[in-house]
Amino acid sequence: MAGPCNGLVVLDFSWGMAGGLATAVLADFGSDVIKIEPPAGDPFRSHPAWIAWNRGKKSAALDLKTAQGRTQAQRLAEQADVVLESFRPGVAARLGIDYATLSAINPRLVYGSISGWGQQGPLSRVAGYEGAVAAKSGRMTDFEGQMNREGPTYTAVQVATWAASQAAVRGMLAAILARDSTGRGQWVQTSILQNMIPYDLAGLVMRQLSRQHPKNFPPNSLGAAIRLPMLQYIPVRTKDGHWLQHANLMDRLFRAYLKAVGLGWVLEEDLFKTAPILKHEPREALRELILNKMQERTLDEWMQVYMADGNVAAEPYRYAADGMKHEQFVHNHHTVEIADPRVGRLTALNLLASLSDTPGEVGGPAPELGQHTAEILQRIASRPHPTASAVAGKTNGDAPTRAPAKPLLDGITMLDFSMVIAGPYAAEMLAEMGVRVFKVDATPEREQTISTGGGMAPMNLKNYAGKEAIQVNLQSPEGQQIIHQLIARADVLLHNFRPGVPERLAIDWETCRRINPRLIHVYVGTYGASGPHRRRPGAHPIPGALLGGALRQAGRANPPPPDQPMNLEEIKEVSRLLMRANEGNPDPNTSQAVATSIMLALLARARSGSGQAIEVTMLQGNAWANADEAYDYNGRPPYALPDAQCYGLNALYRLYQTSEGWVFLACVSDREWKAFCMAVDRPDLLADSRFASASARTEHEVELAPEIGKIFAARPAGEWEQLLTAAGVACVQADWSVGRFLEEHPQAAANRMTVEVDSPRFGKYLRHGAIIDFSDAPARLGHGPFLGEHTVRMMQELGYTGEQIAELRARGVIHWEEVKRLPSAR
C-alpha cells in the first residue's frame, strides 16, 4: 500500500538493533531499503530478532575493505536518497563511505549516523553497547534500590537504542523535507548517549534546583517520590498467584478502583478520606487492605470486574510475546505474520503507527546474506564512475562548513493538547527541530493532571521546553472559537483524550479537517480509538507490565512462581520491586513513535498537499521499544533476562564492584575477550577450555563471573575504565548520577548535552541539549514555560485587543499564571 516514503532509496550500512529498527520503519512506509553487508554478513544476524528487524529489505554483500567494494558502494550512493551507518567515528572514512566522500558524489544525499557515544569526546571510540552507555551516563544508578543490595542495577530494556533508531528516522525525514526545497542533503547525527536524554525525566533539573533551593526542592526529593510505592500504581498478587499492575493516577480513577474492588467504604473513613494522598501510616494501612483484598479473586475474575466497570486502569504482567496476544493488541492489528524460510511462521510487530491516507505495509521476510547483490549491482552497471576529483581529499569524515540556517522544521506549527509525558515529550522533540508548539492547557477551574500540577513543575521544564504555553477553556464556546482559529493556522494537532472527548471539545478529526484540510491530526492513547478496551484509562505502567519491559527489568527471580505460597510481607516486597522495575520508560518510548509518525505524515503532506489522521498506541510504541524480544516463532529462544540480583545478562555483560566504586563490562566478541585477558594480565583464562569460545563462556558463566569479580576487586573503577578502554574493551565506571554526568563529564560536554536557558520562574538553568545534530541547521532549545506564559501573545496574534483579552480572562475563557521569579538555579 502507498506509504509516505515511496520512491526513496536507502542504503543501510548499519549493524544491530538501532539501525535495523530505523530502516524497518522506512521500509514499512515505502522506502526501498538496501542493506549493505560485509561478506561475512551483519554480525547481528545471529540475534534471533534480526529477522524481524530486517523484514522488507534487500541485502547486497560488498567488501568495503577492497577498492572494488568501496567503488561499488560509492556508485550506489550516487543514486540513493539516504545513507545510514552505525560505525564508530572514523571507521566510515576508512571504508570510503563517510559523509564528506558521499556528499561530494551526491550533494542531495541525506546521510545518517547512529554512534554509541557521539562523534566527539574522550569515549567516542569506545564500543557503543547500550549497557556501557547506560552505566556511564547514570541510568543504572537511577535504579539503585530496586534490588535489596547496594550499587547500581542493570537496565534491561534497550530504551536508548530504540530512541536512537527513531531519532535517526525523524532527522533523516526532516532533512529530506529540507532537501526538497534547498536541493541539498546534509549529515544527521544521533547517538545512544544522546538518546539517554528522553529517560532522564527530571534528574538534571532537580540536581540544579536542589542546590539553589534546598528547602523547596530537597536533594533527591523527586527520586524519593518515585521510589516510594504509590497506591495508584500498586502491583498486586491475585488469588491464583499472578500479578496485576494498576495505573489509576488521577484521584477519580483511584476512587473508582476502590469502589470496583469492594473497598469503596474506606473513602467514608476519616483515616482514608483523602485517599490516595495520605500520610505514611494510613497509606500503609490502605496498602495492606488492597493487597489482601486482591487475593480474593483470580486474575481473570478481576479483569472481568475492571472491563465491566470501564474506569479502572490495570493489566497483568506479561513477557512481550504473551502481551502481543492481548485482545486489544490483536484488534489493532499490531502484529503481522511473515512466512520466513528459516523459522516458518514469524509473528512480528506490524506498522509503528496508523496513518489514514498513507498507511504503508510490512514487506516480505528478511533477506538472506547477499540475496540481492546481483540485482543491486545491475543498477550501477551502465552508469559512469564518480570522477576522481569528486572524491579526492574527502576521506577525513568531517562535514563541510556551511553558514548557519534556521531549524529544519521552522514554519511548522503544532497544537499540543496532550497531557503527562508521552504526547508532550513527543512535541518537545519536534520543537527542538524548529516546530512552533502551542501547549494548550485547561483553565484553572478544569480538572488538572500530573502534566499541569505545580508539584510536577520541574518535570515540565523538560516536557514543556521550547513550547509556547497557553490556557484556554475548551468547555466554553468562546474557548472553542479561539482554538478553531489556531487550528486554521496549524499544521499538526496532538491529543491523548479518551474516545468521545475530542468531539465534546470540538477538536475531533472531522471537525478539524473541515476547518483545515491540510491538518495532521494525531491521537495517542494507551489502547487506541476502537476495540474492546478503547474507553479504558491507561498510563505508563500498563504497557510496561503488558509488553514485557517490567518483567525483564525485575530479573530472573521475580516474581515468584504462581504456586509459591507468600505471606503479606513477602507480597509487599515483591510489589515494591515490581513497581521499581516498572519505571517511567513507557512514556518516552511512546513519544518516539508519536514524533516519528508526525514526520512521516509531514513528508506525505509535502507530496500530496493533504493532511490525515494518525493513531499511535502506547501498546505498539512499547512493543517496538522491546523489539529485541517482541517477536515469536515456533522454537524461539528463551527471553534474555538479567540474573537474580540484576547485575547483568551474563559474566561478560554486567556490573561488577571494584575496590572503589562500580564498573560495567561489555566484553562480547572473541576479540574483546582476548583483549580483556591480556589487559588484566590473565592469559590463563584464554588457555582455559571452559572459556575458549563464546558458547563455552556462556556455559560456564557461573565459574567465570567470580573470577572476573576477583580481578575487578583489585583496583578502583576509574583505573579499570582507563586501562580497559585503552585496550579496546568497553568497561566504564558505573556509579555517576545522571545529573552529575550531564553537568560534569567531558563526554557530555563534547556532545553539547546541556544548554543554558532562562526561565521567568526558575531563572537561568541547564536544560538537555539536542537529541539530533544537523550539519546545516541549528536546534531550537528553549526554556520550559509556566502555564499560560504565552496566552496574551497568542491572543494578540489572533487580533484580540488588550480590553478583549482582559475580559476573556475575567470570565475564565483564557488564563495565565502570575509568576514570581526564583533566584537562578545557576
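Here is what the cut-offs are and how they apply
Residues numbered from 1 in each chain as written. Predicted model: local features only at pLDDT ≥ 70, side-chain atom pairs only at ≥ 80, totals over all residues. Heavy atoms only, no water. Phe/Tyr/Trp six-rings, centres within 6.5 Å; stacked < 30°, edge-to-face > 60°. Helix = DSSP H or I, 4+ residues; strand = E, 2+ residues; numbered from the N terminus. Buried < 20%, exposed > 50% of the residue type's maximum accessible area, 1.4 Å probe, protein only. Lys NZ or Arg CZ within 6 Å of the ring centre and 35° of its normal. Pairing = 2+ DSSP bridges. Axes fitted to C-alpha atoms, helices over the stretch in contact; angles between N-to-C directions. Contact = heavy atoms within 4.5 Å. Core = buried A, V, L, I, M, F, W, Y, C linked by side-chain atoms within 4.5 Å. Salt bridge = Lys/Arg side-chain N within 4 Å of Asp/Glu carboxyl O.

J.: Outline the packing of aromatic side chains, listing residues and values.
T.: Applying the stated criterion to the full structure yields 20 aromatic pairs. Considering the side-chain rings of Phe676 and Phe712, the 6.1 Å spacing of their centres and the 50° angle between planes classify their relative orientation as tilted. Of this pair, Phe676 sits in helix H28 (residues 670–679) while Phe712 sits in helix H31 (residues 701–712), and the two are 36 residues apart along the sequence. For Phe676, a relative accessible area of 0% corresponds to the buried category. The exposure class of Phe712 is buried, given its relative accessible area of 0%. An aromatic cluster is defined as three or more aromatic residues linked by ring pairs; in this entry it consists of Tyr656, Trp673, Phe676, Phe691, Phe712 and Trp720. In this structure, Lys462 is placed above the aromatic ring of Tyr425, and the distance from its NZ or CZ to the ring centre is 4.8 Å.

J.: Could you give me a rundown of the sheet that holds strand E22 (residues 730–733), with the residues and numbers involved?
T.: Pairing in this open sheet of four strands is antiparallel, and the strands run E19-E20-E21-E22 from one edge to the other. Strand pairing shows two members of the sheet lacking a second neighbour, strand E19 (648–650) and E22, which therefore form its edges. Each neighbouring strand pair of the sheet contributes to a mean axis angle of 35°, computed without reference to strand direction. Across the sheet, helix H32 (residues 717–726) lies against strand E21 (662–666) and E22, angled at about 155° from E22, the strand it touches most.

J.: With reference to specific residues and values, describe the sheet that holds strand E25 (residues 773–774).
T.: Taken together, seven strands build an open sheet; the order of strands is E3-E2-E1-E4-E5-E6-E25 and the sheet is mixed. This sheet does not close on itself; its edge strands, each paired only once, are strand E3 (58–61) and E25. Relative to strand E4 (residues 82–85), strand E1 (residues 9–12) is paired through three bridges, and the arrangement is parallel. If you follow Leu11 over to E4, its bridge partner there is Val83. Against the sheet, helix H1 (residues 16–28) contacts E1, strand E2 (32–37), E4 and strand E5 (110–115), and its axis sits at roughly 165° relative to E1.

J.: Kindly report on the nonpolar core, identifying the contributing residues and their values.
T.: By size, the foremost hydrophobic cluster in this structure holds 146 residues, and its most contacted members are Leu173, Leu409, Leu430, Met599 and Phe664. Among the elements that take part in this core, helix H8 (residues 159–182) stands out by supplying 15 residues, more than any other. Apart from residues no more than four positions distant in its own chain, Leu409 is found in contact with Ala174, Leu177, Leu430, Met433, Gly434, Val435 and Met599. Core analysis: the next-biggest nonpolar cluster, separate from the first, contains 40 residues, Ile290, Leu299, Ala554 and Ile571 among them.

J.: Would you mind going over the pattern of salt bridges in detail, with residue names and values included?
T.: Per the stated rule, a full pass over the model turns up 48 salt bridges. As a salt-bridge pair, Glu743 and Arg211 come within 3.0 Å of each other at their nearest N and O atoms. Remark: Arg211 occurs in helix H9 (residues 203–212) and Glu743 occurs in helix H33 (residues 738–744); sequence separation between them is 532 residues. By relative accessible area, Arg211 is classed as partly exposed at 46%. Residues Arg690 and Glu703 are paired through a salt bridge, measuring 3.9 Å at the closest nitrogen-oxygen approach. A residue pair is termed long-range when its members are at least 10 positions apart, and Arg690 in the loop between helix H29 (683–687) and helix H30 (694–699) and Glu703 in helix H31 qualify at 13 residues. Through salt bridges with shared partners, a single network forms among Arg207, Arg211, Arg740, Glu743 and Glu744.

J.: Help me get a handle on the environment of Leu76, residues and values and all.
T.: Structurally, Leu76 can be placed in helix H3 (residues 67–79). Separated by 66 residues in sequence, Leu76 and Val10 place their C-alpha atoms 9.9 Å apart. Leu76 has contacts with Leu11, Ile36, Leu62, Ile376 and Ile380, leaving out every residue within four places of it along the chain.

J.: How would you explain the side chain of Thr413 if you had to name every residue and give the values?
T.: For Thr413, the location among the structural elements is in strand E13 (residues 413–416). Thr413 gets classed as buried once you look at its relative accessible area, which sits at 15%. Contact partners of Thr413, with chain neighbours within four places excluded, come to Val435, Arg436, Phe438, Arg489, Ala490, Asp491 and Val492.

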